[in-house]
Every structure is written in structure tokens, then in C-alpha cells.
Amino acid sequence: MYHDNIIYKKKSNDPRFLLGVAVVLFLGSYVMNLGNSALSHFLQPLLGSAPDSLGARNIAIGLGIALLGTLNFHVLGRLKFKVQTTVVWVELLVLFLAFFDTFNLSYSFILDKVGFLIIQGAATTLYISAIAIVIAFVLALVGAVAKLSNNGLANALASFYTSFFRGVPLLIQIYLIYLGLPQLGYVVDAVPAGILALALCYGAYMTEIFRAGIQSIPVGQWEASRALGISPFKTLSRVIMPQALRVIIPPTGNQFIAMLKDSSLVSVIGVWELMYLAKTQGRADFRHLEMLITAAMIYWALSFILERVQARIEKRVNRSTARG
């Protein structure tokens, strides 16, 4: 939403709205039957001695959550925007950590394995994803141009490619490439097979992104370039694509982040990426949950870093386009 100069009354200062928030929190907590949950342990200092009956405990916990939640909402409403964002992030992170703490995790085991997961697993995941996204970028550009061309053969090949690889689950594509190509006499290792599957799958999705980005540029730009005698290739590379990047980059960045997570599927063919190592390390010591949570946190950290990089690239492209 765009900021405007109209001053609205803050809902966080409206007693009726705060009462509604408290009622919703209380009813939600009561319906979720949190009396026997680990949450009662964290609210014990607030509740005092826990009631004997489950219904009474549910009511007590509901009242505690309603009180804390409404007070928190009221205080957050008095803070500035950036401070609000930071505080909410910290609160949600604390809630996540408190939720994980209820699993009785072995933190010493996590600390012992996390370095190996990052150095070997996360590095392999980034390596596979980086190569696959480059190949997918090329496939998408070629596919988009083919789908926009007047050549029936090129259009048919591109549309069949996008239809098949968008319509078949990625896991099946991985198996088809890894197990199917040897039937034709081409034996591929697990890593190249995983990269090829990811590139083909996401290249199909990105083809539609590129096509939409190119079509977002007015046709008059093409006509003006052709009238000036500029070749179709130079028109595409020097006139159309620099402008289309503003439309293409945001969804392409999202596709790369999605590919980073979907690269976990190549673990089914034995690639030593993050998910594969998390499963094998957890299986060896019967610490599956510790390794899965650790892998999830690493994936989250990688995605967060890529989101920041994507945001900076978008700003730079927007500034370049505005100056142009």
C-alpha cells in the first residue's frame, strides 16, 4: 500500500477493537484445548498454580493468552513502523524457539553436525541450484522467443516443452532423467541428472515469465526499432530486454528461491545435498527431528539472504531503467 497523508485512528487504541482481539484470542485458545499442551508450562508463572480440571486449565490459559496478546497489540501500536517490524520478528522467532524447545532436542548433537551440514550440504545445494538457474535462464529466454515467434515449429516445440515440464511433478522428472536416460545409452551421474531436472522444470516456468515480460513492452518499441533498421536480435537484446527485466527479475528471483528448496528432491537419487545429509546424519544416531529442524533453519537462512540480494537487484534495475 502507498502511504498517504490521511491520519486514521489507530485500532490499537480503540477499546472496542482491543476487546474484540481479546475475545478472539480467548476463544481460539480455548477451542485449541491447550490445557495439556507445553504452552501451559511457559504460562505457569502467569497462571500460578494450575487448576486440576482440563476445562479450568483451558480457561486459565485462554485468559492468559488473551491478556498478553491484547497488551502486546496495544504496545506495538504505539511504536514506529520499523520498530514494530523488528519487535514482531523477534517475538515470532522467540515463539519458534520455544516451540522447538518442547521437542526435547539434543542441542549438543545439533552443534556437532551443523558445520558439516553447512560446509557439505548447503554448499552442494547452492552449487546445484546456481548451475541449474543459469541453464534455466537460457532455456527460458529461448523458449519465450520461440513461443512469441511466427514459426509454427518453434512455437510447437516451446509450448510442448512448457506444457510437459510444468504438468509433470519434479520428482517424476528426476526419476525419468536419472533412470530413463541410461535406457537410451546415456548414463548420467546423480548430480548432473539433478541439475538437468531442475533446469528443465524451472526453465519451463520461467519461459512463461520471460514471455509475459517481453509482451509487457509496447509493440511500438519493436516497430520503432525495425523502422530504424535495427536487427531483431539487437532489438531484443538492447531495447526490449533491458526494459522487460523490471518485470522479469522479481518472479525469476522467486523461482530461484523455490528451486533452492526443491533441490532437496534430488536427495532421492543420492546427491549429497543438504536434505540428504540431514536424513543420513539423523538416521545414524536416531536424531531425525534435530537434523530436519537444522536443515529447515539453514534453508530459511539461505532463502532470507537470497531475498535480500533479490531486493537489491530489483532496486538497481529500477534505478537504471528510470535513468534510461
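This text goes with the structure placed above it.
What you are looking at is a predicted structure, and each value in this text was computed from that prediction instead of being measured.

Engineer: I'd like a description of the overall build of the chain, backed by residues and values.
Structural biologist: Secondary structure assignment for the chain yields 13 helices and 0 strands. Its helices and strands in sequence order give the chain the pattern α-α-α-α-α-α-α-α-α-α-α-α-α, from N to C terminus. Every one of the 324 residues in the chain was classed for burial, and the buried ones make up 34%. Relative to all contacts within the chain whose residues are 6 or more apart in sequence, the contacts with residues 24 or more apart total 73%. Surface accessibility of the chain: about 19900 Å² in total, with carbon and sulfur atoms responsible for 68%.

Engineer: Talk me through the packing of helix H7 (residues 152-167) against helix H9 (residues 190-215); I want residue IDs and the actual numbers.
Structural biologist: Where H7 contacts H9, the axes come no closer than 8 Å and their chain directions differ by 120 degrees. Between H7 and H9, the angle is such that the two are oblique. Considering how the two elements wind past one another, H7 and H9 form a crossing that is left-handed. Across from Tyr-161, Thr-162, Phe-165 and Arg-166 in H7, the residues of H9 making contact are Ala-199, Leu-200, Cys-201, Gly-203, Ala-204, Tyr-205, Thr-207 and Glu-208. Across the contact of H7 with H9, the residue classes break down as 7 nonpolar, 3 polar and 2 charged.

Engineer: How would you explain the side chain of Ser-303 if you had to name every residue and give the values?
Structural biologist: Secondary-structure assignment places Ser-303 in helix H13 (residues 288-323). Here Ser-303 falls in the buried class, since its relative accessible area comes to 8%. Not counting residues within four places of it along the chain, the set of residues in contact with Ser-303 comprises Ile-257, Leu-260 and Lys-261.

Engineer: Break down the environment of Val-309 for me, with residues and values.
Structural biologist: With respect to the helices, strands and loops of the structure, Val-309 is situated in helix H13. Residue Val-309 is classed as partly exposed on the basis of its relative accessible area of 41%. Residues Val-309 and Gly-253, spaced 56 residues apart in sequence, show a C-alpha to C-alpha distance of 9.1 Å.

What counts and how
Residues numbered from 1 in each chain as written. Predicted model: local features only at pLDDT ≥ 70, side-chain atom pairs only at ≥ 80, totals over all residues. Heavy atoms only, no water. Helix = DSSP H or I, 4+ residues; strand = E, 2+ residues; numbered from the N terminus. Buried < 20%, exposed > 50% of the residue type's maximum accessible area, 1.4 Å probe, protein only. Contact = heavy atoms within 4.5 Å. Areas by Shrake-Rupley, 256 points an atom, 1.4 Å probe, with all protein chains shown as cover. Axes fitted to C-alpha atoms, helices over the stretch in contact; angles between N-to-C directions. Parallel < 35°, antiparallel > 145°, perpendicular 65-115°, else oblique. Left-handed = near helix turned anticlockwise from the far one by under 90°. Nonpolar A, V, L, I, M, F, W, Y, C, P; charged D, E, K, R; others polar.

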